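Coordinate analysis (summary)
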Amino acid sequence: MKNEKIRNVAIIAHVDHGKTTLVDQIIKQAHILRDNEAFQTCLLDSNDLERERGITILSKNISIVYNGVKINVIDTPGHSDFGGQVERVLNLADGVLLLVDAAEGPMPQTRFVLDKALELNLKPVVVINKVDKPDARCDEVHNMVFDLFAELEANDDQLDFPVIYASGRDGWAVTDLNDPRDSIKPLMDAIIKHIPGPPVKEGPVQMQATTLDYSDYVGRIGIGRVYRGTLDLKTPVCIIKRDGSVRNVQLKELQTFEGLGRVKTTSIPCGDLCAISGIMDIDIGDTIAHAEHPEALPPIALDEPTLSMAFRVNDSPFFGQDGKYVTSRHIRERLLKETERDVALRVEETGGDSFTVSGRGVLHLSILIETMRREGFEMTIAQPRVIFRTHHGIKEEPIEILTVDVPDEYAGKAIELIGQRRGEMIRMDQLGLRKNMTFHIPTRGLIGLRSKMMTATAGEGIINHRFLHYAPYAGDINHRNNGVLISMANGKSVAFAIDGLQMRGIFFIDPGEECYEGMIVGEHCLDKDLLVNVQKAKQLTNMRASGSDRAMKIAPAQKQSLEEALEYIKDDELVEVTPNHVRLRKRYLTDNERKRMKRSTADEEQA
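Overview of the structure. Quantities reported herein were computed from a predicted structural model and do not represent experimental measurements. (Residues numbered from 1 in each chain as written. Predicted model: local features only at pLDDT ≥ 70, side-chain atom pairs only at ≥ 80, totals over all residues. Heavy atoms only, no water.)

In terms of helices and strands, the protein carries 15 helices and 35 strands. Relative to its 607 residues, the protein shows a buried fraction of 52%. Just so you have it, the protein exposes about 28,400 Å², and 49% of that area is on carbon and sulfur atoms. (Helix = DSSP H or I, 4+ residues; strand = E, 2+ residues; numbered from the N terminus. Buried < 20%, exposed > 50% of the residue type's maximum accessible area, 1.4 Å probe, protein only. Areas by Shrake-Rupley, 256 points an atom, 1.4 Å probe, with all protein chains shown as cover.)

Bringing helix α9 (residues 362-374) into the picture now. Taking 1.5 Å of rise per residue, 13 residues should cover 18 Å, and α9 covers 18 Å from first to last C-alpha, within 8% of that figure. The element α9 is largely enclosed, with a buried count of eleven among its 13 residues. Within α9, the full set of buried residues consists of Val362, Leu363, His364, Leu365, Ser366, Ile367, Leu368, Ile369, Glu370, Met372 and Arg373. With its phi angle positive at about 105°, Gly376 sits one or two positions after the end of α9. (Expected span 1.5 Å × (residues − 1).)

Mapped onto the secondary structure, Ile284 falls in the loop between β16 (273-277) and β17 (287-290). Taking the C-alpha atoms as reference points, Ile284 and Arg88, 196 residues apart in sequence, are found 8.7 Å from one another.

Counting buried positions along strand β9 (residues 219-228) gives ten out of ten residues, so the element sits mostly inside the fold. Bridge count for β9 against β16 is five bridges, and the pairing is antiparallel. If you follow Gly222 over to β16, its bridge partner there is Ile276. (Pairing = 2+ DSSP bridges.)

This brings us to unusual backbone geometry. Residue Lys130 is not a glycine yet carries a positive backbone phi of 60°. As for its position among the elements, Lys130 is in the loop between β5 (123-129) and α5 (138-151). Of the residues examined, Lys130 reaches a relative accessible area of 22% and is grouped as partly exposed. With phi around 55°, His392 is a residue other than glycine that occupies positive phi space. In this fold, His392 is placed in the loop between β23 (389-391) and β24 (394-407). Residue class for His392 comes out exposed when judged on its relative accessible area of 72%.

For the rest of this paragraph, the subject is the nonpolar core. Grouped together as the largest cluster of nonpolar side chains are 37 residues, with contacts concentrated most on Leu98, Val126, Ile128, Val145 and Phe149. In this structure, Phe149 is in contact with Leu98, Leu114, Leu118, Pro124, Val126, Ala154, Gln158, Leu159 and Phe161, ignoring residues within four places of it in sequence. Phe355, Leu365, Leu562 and Leu584 belong to the second largest nonpolar core, which has 31 residues in total. (Core = buried A, V, L, I, M, F, W, Y, C linked by side-chain atoms within 4.5 Å. Contact = heavy atoms within 4.5 Å.)

Let's shift gears to the pattern of salt bridges. Evaluation of the coordinates by the stated rule reveals 27 salt bridges. A salt bridge links Asp157 to Lys123, with the shortest nitrogen-to-oxygen separation between them at 3.6 Å. One end of the pair, Asp157, is in helix α6 (residues 156-159); the other, Lys123, is in strand β5, and 34 residues separate them in sequence. You can call Lys123 buried: its relative accessible area is 12%. In this structure, Glu397 engages Arg444 in a salt bridge whose closest nitrogen and oxygen atoms are separated by 2.5 Å. Placement of the pair is Glu397 in strand β24 and Arg444 in helix α11 (residues 443-446), with a sequence separation of 47 residues. Looking at Glu397, the relative accessible area reads 0%, which means it is buried. By relative accessible area, Arg444 is classed as buried at 10%. Residues joined by salt bridges that share partners form a network here, namely Asp529, Asp572, Glu573 and Lys586. (Salt bridge = Lys/Arg side-chain N within 4 Å of Asp/Glu carboxyl O.)

Moving on, we get to helix α10 (residues 411-419). Of the positions making up α10, those classed as buried are Ala411, Ala414, Leu417 and Ile418. Looking straight down α10, one finds its buried side chains confined to an arc of 130°; they lie on one side. Considering only its buried residues, α10 is in contact with β24, β26 (434-442) and α12 (449-456). (Arc of directions from axis to C-beta.)

Our focus in this paragraph is the packing of α10 against α12. It is the contact of α10 with α12, at a shortest axis distance of 10 Å, that shows an interaxial angle of 155°. The orientation of α10 with respect to α12, classified from their angle, is roughly antiparallel. Where α10 crosses over α12, the handedness of that crossing is right-handed. Between α10, through Lys413, Ala414, Leu417 and Ile418, and α12, the contact on the second element is made entirely by Leu449, Lys452, Met453 and Ala456. Its residues placed into classes, the contact of α10 with α12 shows six nonpolar, no polar and two charged. (Axes fitted to C-alpha atoms, helices over the stretch in contact; angles between N-to-C directions. Parallel < 35°, antiparallel > 145°, perpendicular 65-115°, else oblique. Left-handed = near helix turned anticlockwise from the far one by under 90°. Nonpolar A, V, L, I, M, F, W, Y, C, P; charged D, E, K, R; others polar.)

Residue placement: Glu119 occurs in helix α4 (residues 108-119). Measuring from C-alpha to C-alpha, the distance between Glu119 and Ala154 comes to 8.7 Å, with 35 residues separating the pair along the chain.

Across the five residues that make up strand β34 (residues 573-577), a large majority, five, are buried. Here β34 shows no split at all, with Glu573, Val575 and Val577 on one side and Leu574 and Glu576 on the other all buried. Bridge count between strand β21 (residues 379-382) and β34: four bridges; the pairing is antiparallel. By the bridge assignment, Ala382 is partnered in β34 with Leu574. Pairing of β34 with strand β35 (residues 582-586), which is carried by five bridges, proceeds in the antiparallel orientation. For Val577, the partnering residue across the bridge sits in β35 and is Val582.

What follows covers the packing of aromatic side chains. Scanning all chains against the criterion turns up six aromatic pairs. Between Tyr325 and Phe377, the aromatic rings sit 4.9 Å apart at their centres with planes inclined by 35°, giving tilted as the arrangement. Pair noted here: Tyr325 is in the loop between β18 (307-313) and α8 (328-341) and Phe377 is in the loop between α9 and β21, with a separation of 52 residues, a long-range link. A relative accessible area of 25% places Tyr325 in the partly exposed class. Cluster of aromatic residues (ring-pair linked, three or more members): Phe146, Phe149 and Phe161. The ring of Phe388 is capped by Lys395, whose NZ or CZ atom sits 4.5 Å from the centre of that ring. Here the basic side chain of Lys395 rests over the ring of Tyr473, its NZ or CZ set 4.4 Å away from the ring centre. (Phe/Tyr/Trp six-rings, centres within 6.5 Å; stacked < 30°, edge-to-face > 60°. Lys NZ or Arg CZ within 6 Å of the ring centre and 35° of its normal.)

Given below as structure tokens:
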């Protein structure tokens with residue numbers, strides 16, 4: 001028996017294929033907001049970082065009532081680095097809306113999320129979005145989606161998927177391209193018609209937490225779905241942890257999703273989504289069951305992290321000038337708190353003031369660093385390192401599938417750049433005046449690739465990647481050919497000094513910036529590091545001549561974002577992160593220390 005009054009549907013797609021914009025239109029046309037309430041685009045991207053970057057980082061859900069049916073819509077991240085969240089929230093759904101760009105077609109992340117959905121036997125509805133694009137190719141994309149389903153070994157029921165054509169930006173959806181384009185209702189009708197209601201299972205209650213939230217008033221909040229029975233505040237319940245331990249607990253509050261928020265309720269029927277509070281140590285994958293019948297639900301399987309970084313206390317001369325939280329105790333507490341919300345994250349203490357943090361990719365970890373920086377934390381971060389494993393005595397590393405879309409004239413440069421990083425081309429397709437190429441490349445080769453690709457293709461290249469499998473170690477990869485310019489003293493940089501050193505390389509700092517010994521101030525034009533005196537001022541005398549003073553022409557500093565800085569550094573370098581600054585520095589600040597460490601490393605290798 002199914003509950004026909006509820007539909008649980010997740011929206012899945014590649015990054016920037018229009019999930020959040022489509023949800024905006026569903027909210028708008030369902031009249032969830034009051035008439036006098038201001039409407040803003042990407043309403044569910046409420047986090048500052050999400051709005052700045054134009055990507056969904058945290059999965060969110062809303063609830064709307066359409067034709068007497070409650071539809072729980074779950075908006076998921078599209079970037080592969082946040083795939084851990086997509087895997088979890090798919091457990092809440094009975095069906096998925098698979099969004100595909102009408103011009104780009106299925107992309108790497110489309111394949112990843114669809115594979116997860118098909119594994120869970122969810123019913124798909126395909127939405128070909130952005131049909132109003134001038135280069136839209138709806139029929140061809142439809143065939144490509146069908147081929148993808150067949151490749152992923154979908155069953156007959158899943159292969160018989162309905163197709164909706166839509167424009168999320170303009171707020172319409174149709175089942176046939178010749179139909180009038182006036183509302184999103186055909187999409188809502190398709191959800192009710194094709195996505196099944198949740199099965200109703202009678203018996204002792206079972207609910208599993210798949211997402212966590214936190215409130216300063218009630219503590220940790222578990223968000224999940226009731227899989228059996230009815231959950232209410234009167235029934236005695238217990239919590240079954242991942243390790244199998246069982247203990248009785250008392251729920252303080254039950255909330256159901258309504259519109260954009262949550263409202264208190266006394267009971268949740270089987271198949272509906274809810275939020276529970278009152279259990280301080282509730283974790284993702286924990287089961288809430290009847291106290292007299294403690295049966296655990298299957299644990300939620302998650303892919304392992306592929307990349308790690310070392311987080312350290314900031315020990316530069318500018319320590320404590322910007323940050324509010326600067327000690328290892330503060331950093332440790334914050335990192336452990338983050339692991340409670342994000343199960344794709346691993347934190348390991350490595351002694352002293354250092355922590356190894358593992359995640360899905362540079363973006364995944366840089367979002368955490370950026371969030372901590374805005375909260376007032378100060379720390380230094382080491383170079384991202386790929387997590388290797390040994391299988392049958394062979395050293396293996398993660399391999400990713402990389403898709404590159406570039407104009408024809410830049411295809412050769414892109415192939416050469418990826419070839420230098422041990423990438424192997426699998427396929428090349430001609431799409432109009434652009435080439436779409438697919439490569440298999442070690443995860444190590446992706447570090448720093450995006451910025452170099454943007455430079456090589458004059459900003460026209462589009463690259464996407466996702467984890468594929470582990471394979472034998474592919475050999476050394478050289479990430480950076482150039483050395484760096486290192487400040488040899490403390491003090492403010494001077495325009496006169498920078499002007500005289502511009503022939504030596506590209507500067508990362510502007511005149512007047514505070515520098516310290518060991519701080520990286522630019523990129524050298526050669527392949528070795530160079531100590532420079534950026535504090536050198538002009539010698540003032542009372543002699544002047546109209547032709548002897550050189551006119552200073554200082555090129556603008558090449559500022560790097562946090563991700564670019566993390567991808568730029570080498571083994572012996574660190575990124576210093578404070579609420580107001582992102583600086584590059586050497587691990588050992590003085591030249592004598594660096595020489596001593598180099599000698600000791602050489603001696604160890606000879607021994």
